[in-house]
Amino acid sequence: MEEKQKKSNGYGLGVITGILATALVVCGVWTGKTIYDRNIAREVSVTGALKENSVINNETLSKMAAIEATVDENFYFEGVTEEELQTGIYRGMIEALNDRYAVYYTAEELTAQLEQNEGVYYGIGAYVTMNTETQTPYISGVIEGTPAEEAGLRIDDIIYAVDGTATFQMALEEVTGLIKGEEGTRVTLTLIRDGVAFDQDVIRRRVNNPTVTSRMLDDEIGYISISEFKDTTVDQFTEAYAVIKGSNAKALILDLRGNPGGLLDAVVSIGQQILPEGLVVYTEDKNGERVEYKCDGTRKIEIPMVVLVNGGSASAAEVLTGAIKDYGVGTIMGTTTYGKGIVQKIIRLSDGSGVKLTTSGYFTPNGNNIHGTGIEPDVVVEFDSEAYYGEEQRDNQLEEAQEYLRKKLHG
């Protein structure tokens with residue numbers, strides 16, 4: 001335990017510097033349901049002039065100083081550092097926005113976040129999603145060959161607690177922050193499956209997540225699964241799609257189930273490989289400024305396609321699904337998607353920290369914003385978990401997609 005420090009001068013300077021930074025600034029993480037405009041929008045200085053009518057004024061600074069003095073005089077526990085208190089101030093300002101997608105990152109957290117965007121992190125290898133109705137996190141996808149798969153974690157397992165800390169009404173990034181950790185360490189998840197609660201230990205390790213997998217299901221139908229839209233996803237998809245076409249596939253299944261989203265640039269680049277000429281997506285900010293992302297249509301897909309989606313398909317996955325549905329170049333099958341129609345940016349501050357803020361909404365080519373509603377499938381097929389995890393190990397949604405395409409091909 002560290003010796004308690006006097007914080008009057010240094011702490012006050014930290015308050016001013018931190019709030020100046022956030023006053024001057026303008027994506028579930030691998031587990032977060034978010035779409036990022038870019039990895040880093042720009043770098044903003046942590047020094048500068050206050051804006052007119054700023055929340056940072058003599059009154060707020062005086063109150064912070066009064067709270068600091070009260071803490072120094074009365075707080076029982078030792079060991080809270082100056083840095084931790086400063087970070088708490090910065091987080092508090094972002095949390096006051098009441099936007100579950102807005103986050104303050106320390107320099108270390110921002111570095112880790114950007115590594116995740118590159119498809120590498122230390123964790124268990126499961127996608128985690130927040131059920132907005134019950135305010136509980138659940139597993140929406142499990143990456144092959146990872147600790148999560150080896151420990152037997154399943155889609156739809158509810159995460160009731162992490163190392164004994166209850167997750168109810170916790171922000172998604174807090175939950176994933178508890179799950180991630182140093183390589184080789186153990187995390188205990190309290191899970192609820194089919195109404196039964198149990199503890200499951202999982203050993204964390206480095207997870208390299210190939211975001212695209214593909215194969216020919218038979219002589220006619222190709223299959224491509226995109227688990228997330230990262231920096232590496234475009235090249236992986238391009239290669240997989242070329243192999244599928246080179247195998248003379250007559251139909252394609254594009255699997256976006258459990259895909260929590262990712263980078264806007266990545267999903268636009270993939271959309272440009274299969275969509276007709278026109279918009280892929282467009283965004284509008286609070287001032288009504290519109291940014292359009294287009295496709296020239298020279299590579300429009302010419303074979304029947306089914307897109308598999310579920311409640312874990314979110315954000316960037318919904319961008320692609322929405323465009324495919326609007327243009328009618330594929331049949332959407334499965335269950336209703338998550339419903340996230342907003343865009344975040346990560347802005348790096350000059351001290352190495354950063355913030356993630358919601359900066360705009362996005363719209364499908366036909367002008368639909370699916371935020372809060374999701375995308376309804378053309379063909380509803382509920383997931384049969386008993387068949388999937390039972391002795392048969394059948395993926396009934398995938399089987400339905402294959403049967404649908406066979407009828408398309410042969411009548």
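Refer to the preceding data block for the structure.
Please read these numbers as outputs of a predicted model, since none were measured by experiment.

> Is there a simple way to think about the nonpolar core in this case?
Note that soluble globular proteins tend to have their nonpolar side chains buried in a common cluster. The biggest cluster of nonpolar side chains holds 41 residues, and the ones touching the most others in it are Ile224, Phe229, Leu254 and Ile324. For this core, the elements supplying multiple residues, two or more each, are β13 (221–226), α7 (233–246), β14 (251–255), α8 (264–271), β16 (278–285), β17 (290–295), β18 (305–309) and α9 (316–327). Ranked by residues supplied to this core, first place goes to α9 with six residues. Not counting residues within four places of it along the chain, the set of residues in contact with Ile224 comprises Val212, Thr213, Ser214, Phe237, Ala240, Tyr241, Ile244, Leu252, Ile253, Leu254 and Asp255. In terms of nonpolar packing, the next biggest core, distinct from the first, is built from 18 residues, Ala148, Ala151, Val162 and Leu191 among them.

> Is there a simple way to think about the packing of aromatic side chains in this case?
We describe a pair of aromatic rings using the distance from one ring centre to the other and the angle between the two ring planes. Within this structure, the stated rule accounts for seven aromatic pairs. Ring centres of Tyr282 and Phe363 lie 5.1 Å apart, and the angle between their planes is 10 degrees; this geometry places the pair in the stacked category. Of this pair, Tyr282 sits in strand β16 while Phe363 is found in strand β21 (residues 354–363), placing the two residues 81 residues apart along the sequence. We classify Tyr282 as buried; its relative accessible area is 8%.

> Would you mind going over a nonpolar patch on the surface with me for this structure?
Nonpolar side chains collect at one region of the surface, where Phe75, Tyr76, Phe77 and Val80 lie side by side and expose about 470 Å² of accessible area between them. Tracing the sequence through the fold places Tyr76 in the loop between α2 (58–74) and α3 (82–95).

> Is there a simple way to think about the pairing of β13 in this case?
In summary, the side chains of a regular strand alternate between the two faces of the sheet. Most of β13 sits out of view: six of its six residues are buried. Burial along β13 is two-sided: Ile221, Tyr223 and Ser225 facing one way and Gly222, Ile224 and Ile226 facing the other are all buried. Examined bridge by bridge, strand β12 (residues 212–216) and β13 share five bridges and lie antiparallel to one another. Bridge pairing links Arg215 to Tyr223 in β13.

> How should I be thinking about the environment of Pro276 in this particular structure?
Looking at the element boundaries, Pro276 is found in the loop between α8 and β16. A residue is classified by how much of its surface remains accessible, and Pro276, at 14% relative accessible area, is buried. Not counting chain neighbours up to four residues away, the residues in contact with Pro276 comprise Cys295, Gly297, Lys300, Tyr327 and Val329.

> What's the story with the pattern of salt bridges in this structure? I'm lost.
Opposite charge on two side chains permits pairing when their charged atoms draw close. A complete count under the given rule lists 14 salt bridges for this structure. With a shortest N-O distance of 3.5 Å, Glu292 and Lys294 are connected by a salt bridge. When its relative accessible area of 37% is taken as the criterion, Glu292 is described as partly exposed. Residue Lys294 is classed as exposed on the basis of its relative accessible area, which comes to 53%. Glu403 is the partner of Arg406 in a salt bridge, and the nearest nitrogen-oxygen pair spans 3.7 Å. Of this pair, Arg406 and Glu403 both sit in helix α11 (residues 396–410), three residues apart, which is roughly one turn of the helix. Owing to a relative accessible area of 32%, Arg406 belongs among the partly exposed residues under this scheme. Take Glu403: its relative accessible area is 38%, and that puts it in the partly exposed class. Among the charged side chains, a network of salt bridges with common partners joins Asp218, Glu403 and Arg406.

> Looking at this model, I keep getting lost on α11. Mind explaining?
Residues lying three or four places apart along an α-helix face the same way, a consequence of the helix completing one turn every 3.6 residues. With 15 residues, α11 should cover 21 Å at 1.5 Å per step; its first-to-last C-alpha distance of 21 Å lies within 8% of that length. The set of residues buried in α11 consists of Asn396, Gln397, Leu398, Ala401, Gln402 and Leu405. Looking at the buried side of α11, the elements it contacts are β12, β13, β14, β18 and β19 (331–334). Looking one or two places after α11, you find Gly411, whose phi comes out positive at around 80 degrees.

> Would you mind going over the side chain of Thr331 with me for this structure?
Positionally, Thr331 belongs in strand β19. We classify Thr331 as buried; its relative accessible area is 12%. Polar contacts involving the side chain of Thr331 include one to the side chain of Tyr404, which spans 3.0 Å.

> What is the right way to read α7 from this model?
Under the 1.5 Å per step criterion, the end-to-end length of α7 is 20 Å for 14 residues, consistent within 8% with the ideal 20 Å. All of the buried residues along α7 are Thr233, Val234, Phe237, Ala240, Tyr241 and Ile244. Viewed end-on, α7 has its buried residues packed into an arc of 135 degrees, placing them on one side of the element. In α7, the exposed positions that point more than 90 degrees away from the buried face belong to Asp235, Glu239 and Gly246. Along its buried surface, α7 packs onto β12, β13, β14 and α8. One or two residues past the end of α7 sits Asn248, with phi positive at roughly 60 degrees.

> What am I meant to see in the packing of α7 against α8 here?
To describe two helices that pack against each other, one gives the angle between their axes and the distance between the axes. At their nearest, the axes of α7 and α8 sit 9 Å apart, and the two run at 20 degrees to each other. The orientation of α7 relative to α8 falls into the category roughly parallel. For the crossing formed where α7 meets α8, the hand is right-handed. The segment α7 lies against α8, with Thr233, Val234 and Phe237 engaging Ala266, Ser269 and Ile270. Of the residues that constitute the contact of α7 with α8, the class distribution is four nonpolar, two polar and no charged.

Rules and cut-offs
- For every chain, the first residue of the written sequence is number 1, and numbering continues from 1 onward in sequence order.
- A pLDDT threshold of at least 70 governs which residues receive local features in this predicted model, and a stricter bar of 80 or more applies before side-chain atom pairs are shown or counted, although totals over entire chains, interfaces and linings include all residues.
- Hydrogens and waters are ignored; side-chain quantities use all the structure's heavy atoms.
- Buried Ala, Val, Leu, Ile, Met, Phe, Trp, Tyr and Cys residues that are joined via side-chain atoms within 4.5 Å together make up what is termed a nonpolar core.
- Under the scheme applied here, a residue whose accessible area is under 20% of the maximum for its type counts as buried, over 50% as exposed, and between as partly exposed, the area being computed with a 1.4 Å probe on protein chains only.
- Every helix listed is a DSSP run of H or I at least four residues long, and every strand listed is a run of E at least two residues long, numbered separately from the N terminus.
- Throughout, a residue-residue contact means that at least one pair of heavy atoms, one from each residue, lies within 4.5 Å.
- Pairing of aromatic rings covers Phe, Tyr and Trp, the last counted by its six-membered ring, and requires centre-to-centre distances within 6.5 Å; plane angles under 30 degrees mean stacked, over 60 mean edge-to-face, and any other angle means tilted.
- A patch consists of residues whose relative accessible area exceeds 30% and which take part in no salt bridge; residues with like charges are grouped when within 9 Å of each other, and nonpolar side chains (Val, Leu, Ile, Met, Phe, Trp, Tyr) when within 5 Å.
- Every accessible area reported is derived by Shrake-Rupley at a probe size of 1.4 Å, with residue values counting cover from the shown protein chains alone.
- The salt bridge definition used is simple: a Lys or Arg side-chain nitrogen within 4 Å of an Asp or Glu carboxyl oxygen.
- Pairing between strands requires that DSSP locate at least two bridges from one strand to the other.
- How far a helix is expected to stretch is found by multiplying one less than its residue total by 1.5 Å.
- Here a polar contact is recorded for every N or O atom pair within 3.5 Å, except that within protein the pair must consist of a potential hydrogen donor and a potential acceptor, and residues adjacent in sequence are included only if both atoms are side-chain atoms.
- The arc in question is traced by the directions running from the helix axis to the C-beta atoms.
- Every angle, taken between N-to-C directions, lies between 0 and 180 degrees, and every axis is a line fitted to C-alpha atoms, over only the stretch in contact when it is a helix.
- For classification purposes, an angle smaller than 35 degrees is called roughly parallel, one larger than 145 roughly antiparallel, one from 65 to 115 roughly perpendicular, and anything else oblique.
- Handedness of a crossing follows from how the near helix is turned relative to the far one, being left-handed for an anticlockwise turn of less than a right angle and right-handed for a clockwise one.
- Put simply, Ala, Val, Leu, Ile, Met, Phe, Trp, Tyr, Cys and Pro go in the nonpolar bin, Asp, Glu, Lys and Arg in the charged bin, and everything else, Gly too, in the polar bin.

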